[in-house]
Amino acid sequence: MSTTNNNNTNVPEAKEAMNRFKMEVANELGVPLTNGYNGNLTSAQNGSVGGYMVKKMIEAQERQMAGK
């Protein structure tokens with residue numbers, strides 16, 4: 001079985017914006033995220049950042065679709 005890496009940014013310009021967003025969310029949650037290696041963080045800490053990012057993106061999209 002072959003695996004492929006789909007962790008590519010489709011819009012390269014968005015990569016920096018997503019990194020800023022990730023750091024903003026980590027700061028809001030109190031997760032000590034740094035640029036580079038974060039192996040000292042728990043799965044729960046890392047997962048909370050990703051989960052909250054998704055939540056905020058969904059909320060923003062719902063507001064946009066509602067015309068607000």
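Below or above, wherever it landed, is the structure these notes cover.

Cut-offs applied
Residues numbered from 1 in each chain as written. Predicted model: local features only at pLDDT ≥ 70, side-chain atom pairs only at ≥ 80, totals over all residues. Heavy atoms only, no water. Core = buried A, V, L, I, M, F, W, Y, C linked by side-chain atoms within 4.5 Å. Buried < 20%, exposed > 50% of the residue type's maximum accessible area, 1.4 Å probe, protein only. Contact = heavy atoms within 4.5 Å. Helix = DSSP H or I, 4+ residues; strand = E, 2+ residues; numbered from the N terminus. Expected span 1.5 Å × (residues − 1). Polar contact = N/O pair within 3.5 Å; in protein donor to acceptor, adjacent residues only side chain to side chain. Salt bridge = Lys/Arg side-chain N within 4 Å of Asp/Glu carboxyl O.

### With respect to the nonpolar core
Nonpolar side chains in soluble globular proteins tend to end up buried together. Judged by nonpolar contacts, F21, V25, A26, V31, L33, L41, V49 and M53 together constitute the single largest core of 8 residues. The residues contacting L41, other than those within four sequence positions of it, are V31, P32, L33 and N46.

### Observations concerning helix α2 (residues 43-65)
Helix length check: α2 (23 residues) gives 33 Å between terminal C-alpha atoms against 33 Å at 1.5 Å per residue, within 8%. Phi turns positive, to about 80°, at G67, one or two residues after α2.

### Digging into the side chain of N38
Structurally, N38 can be placed in the loop between α1 (12-29) and α2. Using a relative accessible area of 15% as the deciding quantity, one classes N38 as buried. A polar atom in the side chain of N38 sits 2.7 Å from the backbone oxygen of T34. Those residues in contact with N38 that lie beyond four places of it in its chain are P32, L33 and N46.

### Observations regarding the pattern of salt bridges
One pass over the structure, following the stated rule, counts 2 salt bridges. Put simply, E24 and K56 hold a salt bridge, and the shortest N to O gap is 3.7 Å. Taken together, the residues E24 in helix α1 and K56 in helix α2 connect sequence positions 32 residues apart. The partner of K56 in a salt bridge is E28, and the shortest N-O contact between them spans 3.0 Å. Taken together, the residues K56 in helix α2 and E28 in helix α1 connect sequence positions 28 residues apart. Where salt bridges share partners, they join E24, E28 and K56 into one cluster.

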